[in-house]
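Inside the fold
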Amino acid sequence: MNAISFLSLVSLIFSIATATLNSGLSSSYYDRVCPEALPTIKRVVEDALAQERRMGASILRLHFHDCFVNGCDASILLDQTSTIDSEKNALPNANSARGFEVIDKIKFEVDKVCGRPVVSCADILAVAARDSVVALGGPSWKVKLGRRDSTTASRTAANANLPSPFMDLPALIKNFKDQGLDEEDLVVLSGAHTLGFAQCFTFRDRIHNETNIHPAFASHLRTICPQVGADSRLAPLDSTPGSFDVKYFTNLVSKKGILRSDQAFFDGGVTNELVSKYSRNQKEFWADFATSMVKMGDTKPLIENKGQIHNICRKTNLRKH
């Protein structure tokens, strides 16, 4: 082997090693220490969705809201204490974020089959989000694992970093860019709104005052959400809120986005073409969604000796594992 070839090989090996170290995560992380962990998560998720299909959207949203606040570290699961300013009390989460009991159940069952707490709550959220999408008819992907759990939370960061349903397109682009996500990630990940429901207060101003909305659609929503009161009354985010399909995007093309932040993607701006593409091609939406979910899941993970493996997802351990 000549010197140039040897140096090229060394450079390649270094690049691969650096990429691995930069993430520190692997889809096979638990294969040897607890091979039953992932099947157990899947079973509990499927049981929860059999009882309430809407729970899939709630679990997926928990993973999003976790990753957007100081990384995917399960900080959203921590309860309020004298030293923890719980993200559950942030404006985007209060009386809105749900599914915590399902995560508790998963944690209990996983620790039981593993014999001890070896699977982090952050990894449980990431896997449960994937399994929820699959259970609701959507794509699968290999979840990278090995995250550890945060010993703190930040209601202030949650209020600052979580995207708002009232944002316009430039604000949304900046919000995702701050998390290392680009415009395609923004649009395709927002396609998660093909699942679930929105509360009246999040779309009241849009249906009563905005013009870039289908008139009959707005009229129907006004029967659900009056100008005053009924703040927590629910309306589906698209016409098939329990199925992971492209109805979200076809609705946007028809000016039937329920949230201002959703319709912003198809309102004459730079993301129009992406919405049109996904509205016509479910296969492409699924493939890009899976890729962007993996990318989002890489957001600032705690690895190796950072953080903890929580015994209970709602609170930190007294000492590090």
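Note that the structure is a prediction, hence the values are computed from the model and not measured.

About the thresholds
All residue numbers refer to position in the chain's written sequence, counted from 1. Residues qualify for local features only when their pLDDT is at least 70, as the model is predicted, and side-chain atom pairs are given and counted only at 80 or more; totals for whole chains, interfaces and linings, by contrast, use all residues. Only hydrogens and water are set aside when side-chain values are computed; all heavy atoms of the structure are taken into account. Nonpolar cores are built from buried Ala, Val, Leu, Ile, Met, Phe, Trp, Tyr and Cys residues. Side-chain atoms within 4.5 Å join them into one set. With a 1.4 Å probe rolled over the protein chains alone, any residue whose accessible area is under 20% of its type maximum counts as buried; one over 50% counts as exposed, and the rest are partly exposed. Starting at the N terminus, helices and strands are each numbered in turn, a helix being any DSSP run of H or I of at least four residues and a strand any DSSP run of E of at least two. We call two residues in contact when some of their heavy atoms are within 4.5 Å. A fitted line through C-alpha atoms represents every axis, and for helices the fit uses only the stretch in contact; the resulting angles, taken between N-to-C directions, go from 0 to 180 degrees. Under the scheme applied here, ten amino acids are nonpolar (Ala, Val, Leu, Ile, Met, Phe, Trp, Tyr, Cys and Pro), four are charged (Asp, Glu, Lys and Arg), and all others, including Gly, are polar. The span you would expect from a helix comes to 1.5 Å times its residue count less one. Pairing of N or O atoms within 3.5 Å defines a polar contact, subject to two protein rules: one partner must be a possible hydrogen donor and the other a possible acceptor, and residues neighboring in sequence count only if both atoms are side-chain atoms. Note on disulfides: each one is a pair of cysteine sulfur atoms within 2.5 Å. Grid points spaced at 1 Å over the protein atoms alone were grouped into cavities, where a 1.4 Å probe fits but cannot get out, and pockets, open sets with protein on both sides within 12 Å along at least five of seven lines, with lining residues defined by an atom within 4 Å of a point. Grid points are joined across faces, edges and corners, and a volume is the space filled by probe spheres set on the points.

**Quick look at the nonpolar core**
Among the nonpolar cores identified, the biggest contains 75 residues, and L60, L77, I103, I106, L189, F265 and F289 are the most heavily contacted of them. Per element, the largest residue contribution to this core is nine residues, and it comes from helix α5 (residues 121-135). Beyond its immediate stretch of four places on either side in the chain, L189 contacts F64, F176, L181, F289, S292, M293 and M296. In this structure, A198, C200, A218 and L221 belong to the second largest nonpolar core, which totals 14 residues.

**So, the environment of L145**
Positionally, L145 belongs in the loop between α5 and α6 (155-161). Along the backbone, L145 and D298 are 153 residues apart, and their C-alpha atoms lie at a distance of 9.4 Å. Excluding residues that lie within four positions of it along the chain, L145 makes contacts with G24, L25, S26, S27, Y29, Y30, L38, D123 and V127.

**Focus: the environment of V228**
Inspection of the secondary structure assignment puts V228 in the loop between α10 (215-224) and β2 (234-236). You can call V228 exposed: its relative accessible area is 72%. Taking C-alpha positions, V228 is 41 Å from S140, a pair spaced 88 residues apart along the chain.

**Re the packing of helix α13 (residues 272-280) against helix α14 (residues 282-297)**
At their nearest, the axes of α13 and α14 sit 5 Å apart, and the two run at 115° to each other. Contact residues: α13 offers K277, Y278 and R280, while α14 offers Q282, E284, F285 and D288. Within the contact of α13 with α14, the residues separate by chemical class into two nonpolar, one polar and four charged.

**Side note on helix α4 (residues 100-114)**
Here α4 spans 21 Å end to end across 15 residues, near enough to the 21 Å set by a 1.5 Å rise per residue. All buried positions along α4 are accounted for by F100, V102, I103, I106, K107, E109, V110, D111 and C114. At the C-terminal side of α4, G115 shows a positive phi close to 90°.

**A few points about unusual backbone geometry**
Unusually for a residue other than glycine, K300 sits at a positive phi of about 40°. By the element assignment, K300 lies in the segment after α14. Here E304, not a glycine, exhibits a phi torsion of approximately 55°, which is positive. Considering the arrangement of structural elements, one finds E304 in the segment after α14.

**What to know about the side chain of Q263**
Looking at the secondary structure, you find Q263 in helix α12 (residues 260-263). Only 2.9 Å separates the side chain of Q263 from the backbone nitrogen of G257, close enough to count as a polar contact. Excluding anything up to four places from it in sequence, Q263 contacts R206, N212, N251, L252, K255, K256 and G257.

**Brief notes about the state of the cysteines**
Under the criterion given, the structure shown has four disulfides. Note that C34 is cross-linked by a disulfide to C114, the S-S spacing being 2.0 Å. With the S-S bond torsion at -90°, the cross-link from C34 to C114 turns out left-handed. In this pair, C34 sits in the loop between α1 (3-23) and α2 (37-51) while C114 sits in helix α4, placing the two residues 80 residues apart along the sequence. There is no split in this pair, since C34 and C114 are both buried.

**Examining the layout of surface pockets**
Considering only enclosed or pocket space, the largest pocket measures out at about 1100 Å³ in volume. Along the wall of the largest pocket there are 43 residues; nearest its centre are R61, H65, P163, H193 and L259. Contributions of two or more residues to the lining of the largest pocket are made by α3 (55-67), α6, α7 (169-177), α8 (183-190), β1 (197-199), α9 (200-209) and α12. In terms of residue count, the dominant contributor to the lining of the largest pocket is α3 (seven residues). For the lining of the largest pocket, the per-class residue count stands at 27 nonpolar, 12 polar and four charged.

**Some words on empty space enclosed by the protein**
Following the criterion strictly, the structure yields two cavities of 30 Å³ or more and no others. For the largest cavity, the calculated volume is near 70 Å³. The wall of the largest cavity is formed by H63, A126, W141, V143, K144, R147, M293, V294, G297 and D298. Classifying every residue of the lining of the largest cavity by side-chain character gives five nonpolar, two polar and three charged. Considering only enclosed or pocket space, the second largest cavity measures out at about 40 Å³ in volume. Taken together, the residues of the lining of the second largest cavity sort by class into four nonpolar, one polar and five charged.

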